[in-house]
Amino acid sequence: MCRWAAYLGKPIFIEDVVSTPGHSLIVQSQDADEAKTAINADGFGVAWYDHRAEPGLFRDVYPAWSDPNLRALARQVRSGLFLAHVRASTGTATSRNNCHPFAVGKWSFMHNGQVGGFDRFRKQADMLVPDDLYANRMGATDSEVLFLLMLGAGMGDPAAALGHAVRQLSDLSRTRGEAPHMRLSAAFSDGETLWAARYSSDCIAPTLYYRWSDTRAGWAVVSEPLENDEGDWTALQPGQIARFHGDQIEVMAFQP
């Protein structure tokens, strides 16, 4: 399973999440505490927002701990909203196009989890992607299809759009794939608001935590806490989706 972290608030250097903390995302790429595998070595990526509506995007296939370019970028780039991800593949190839986050227009998206038996119905899943979005299907992951189906549902209500996409892939998994049909912790943004969801079709949902920092005046939303000695992280419960905007949070039920 992958590990990810997102931030929304007063601009900070990306390294303050990706590389500096005691249990940073780079540390988690080598030694995750709350994942099926401790190693997440199948690539990494960062999407960040700054002066343009569309996010900047940097992805590569190396393990996050071994790429000096990631540390250099994280040390120099400051952003008030970014998504970062380290990947552990559930079967698809290690390639840039399969690394998260994914971005289309102003929207960015990253995911930890799986759609059961996806390799058995990838063609059918691809066929659900609307024609006007299919040119954005660059890789082979279930996560990218989930993102494109979500965009295709319309983003007037992002929670409903994600729910629609989850239902479509869950239904295919039930008819053509295998259990677990859906495990998901996901984060996505339009450059202004950050969303995060946690869901599973069985009793095992990937971990997801959030925390407000008065010092940074911002939200951190993560797969695992960034410091082992911080006890004030809140777990988003399975079947919930959270909307972060400014210093406000709204937690809602998420039952596709």
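The rules behind the values
Residues numbered from 1 in each chain as written. Predicted model: local features only at pLDDT ≥ 70, side-chain atom pairs only at ≥ 80, totals over all residues. Heavy atoms only, no water. Core = buried A, V, L, I, M, F, W, Y, C linked by side-chain atoms within 4.5 Å. Buried < 20%, exposed > 50% of the residue type's maximum accessible area, 1.4 Å probe, protein only. Helix = DSSP H or I, 4+ residues; strand = E, 2+ residues; numbered from the N terminus. Contact = heavy atoms within 4.5 Å. Pairing = 2+ DSSP bridges.

Engineer: I'd like to hear about the nonpolar core, residue by residue, with values.
Structural biologist: In this structure, Phe 109, Leu 162, Leu 169, Leu 184 and Phe 188 are the most contacted members of the largest nonpolar core, which totals 34 residues. Every element with two or more residues in this core is listed here: β5 (102-104), β6 (107-114), α5 (142-152), α6 (158-176), β7 (183-189) and β8 (194-200). Among all residues touching Leu 169, those that are not within four sequence positions of it are Val 115, Phe 121, Ala 125, Asp 142, Val 145, Leu 146, Leu 149 and Met 182. Of all hydrophobic cores here, the second largest spans 25 residues; its members include Ile 26, Phe 58, Ala 64 and Val 222.

Engineer: Explain the sheet that holds strand β11 (residues 234-235) residue by residue, including any values.
Structural biologist: On the basis of which strands lie adjacent, the open sheet formed by 7 strands has the order β3-β2-β4-β1-β10-β9-β11 and antiparallel pairing. The outermost strands of the open sheet, each flanked by one partner alone, are β3 (56-60) and β11. The sheet contact formed by strand β9 (residues 209-213) and strand β10 (residues 218-222) spans 5 bridges and is antiparallel. Within β10, the residue paired with Tyr 210 across the bridge is Val 221.

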